[in-house]
Amino acid sequence: MGTTSDYFFVLLAIFANHTTVSSHRRIFIGELIGNAILIFFSLLLACVLKFVPDEWLLGLLGIFPILIGIKGLVVKESETEKIKSSDTHLIRDVVVLTLTTCGADNLAIYIPLYLFLQT
């Protein structure tokens, strides 16, 4: 829950902007798909990283959160632009929002956890 506490408020704003039951269902489906992608990608990456010959190479993965942060500083995209989406693309928008908002946090936690569980 710690990695998604900020995303919880974004989801609340999305639910507040879309009031129909079908929209809520689409938001929920998009959230599930986004989390499934994050978990699957973490498992896949943990399996691939298991074959890395030297452990110091794993430390180079720390560059990715830094690059994501730099991209966030350079590309100005407000949360309200992400939240205001039409119902036709709501599932896709929530999946993208889940991946971009929770992606780095969840990958930073899940990949080491899956690596530890494989040993």
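See the structure above.
The rules we used
- Residues numbered from 1 in each chain as written.
- Predicted model: local features only at pLDDT ≥ 70, side-chain atom pairs only at ≥ 80, totals over all residues.
- Heavy atoms only, no water.
- Helix = DSSP H or I, 4+ residues; strand = E, 2+ residues; numbered from the N terminus.
- Expected span 1.5 Å × (residues − 1).
- Bend = angle between axes of the 7 residues up to and from the residue.
- Buried < 20%, exposed > 50% of the residue type's maximum accessible area, 1.4 Å probe, protein only.
- Contact = heavy atoms within 4.5 Å.
- Polar contact = N/O pair within 3.5 Å; in protein donor to acceptor, adjacent residues only side chain to side chain.
- Axes fitted to C-alpha atoms, helices over the stretch in contact; angles between N-to-C directions.
- Parallel < 35°, antiparallel > 145°, perpendicular 65-115°, else oblique.
- Left-handed = near helix turned anticlockwise from the far one by under 90°.
- Nonpolar A, V, L, I, M, F, W, Y, C, P; charged D, E, K, R; others polar.
- Salt bridge = Lys/Arg side-chain N within 4 Å of Asp/Glu carboxyl O.

Digging into helix H5 (residues 90–118)
Side chains of residues three or four places apart in an α-helix project in the same direction, reflecting 3.6 residues per turn. Here H5 is 29 residues long, yet its end C-alpha atoms lie only 36 Å apart, well below the 42 Å a rise of 1.5 Å per residue gives. The largest bend in H5 is about 60 degrees, located at Gly 103.

Regarding the environment of Ile 91
Following the sequence through the fold, Ile 91 ends up in helix H5. Given the relative accessible area of 29%, Ile 91 is considered partly exposed. Each C-alpha atom of the pair Ile 91 and His 24 lies 9.9 Å from the other, and the pair is 67 residues apart in sequence. With residues near it in sequence (within four places) discarded, Ile 91 still touches Arg 26, Ile 29, Gly 30 and Ile 33.

Some remarks on the environment of Gly 30
Note that Gly 30 resides in helix H2 (residues 21–49). When near neighbours in sequence (up to four residues on either side) are disregarded, Gly 30 contacts Ile 91, Val 94, Val 95 and Thr 98.

A look at the side chain of Thr 98
Tracing the sequence through the fold places Thr 98 in helix H5. Engagement of the side chain of Thr 98 in a polar contact is seen with the side chain of Glu 31, the distance being 3.3 Å. Separated by 2.7 Å, the side chain of Thr 98 and the backbone oxygen of Val 94 make a polar contact. Non-local contacts of Thr 98, meaning those with residues more than four positions away in its chain, are made with Tyr 7, Gly 30, Glu 31, Gly 34, Asn 35, Leu 38 and Gly 103.

Some details on the packing of helix H1 (residues 5–17) against H2
Relative orientation of the contacting elements H1 and H2 amounts to 155 degrees, with a least axis distance of 10 Å. As the angle between them shows, H1 and H2 are arranged roughly antiparallel. Where H1 crosses over H2, the two elements pack in a sense that is right-handed. Across the interface between the two elements, Tyr 7, Leu 11, Ile 14 and Phe 15 from H1 touch His 24, Ile 27 and Glu 31 from H2. When the residues that make up the contact of H1 with H2 are grouped by side-chain class, the tally is five nonpolar, one polar and one charged.

Focus on the pattern of salt bridges
Any two side chains of opposite charge can pair, given that their charged atoms come close. What the rule picks out here adds up to one salt bridge. One salt bridge in this structure joins Arg 92 and Asp 93, with 3.0 Å as the shortest N-O distance.

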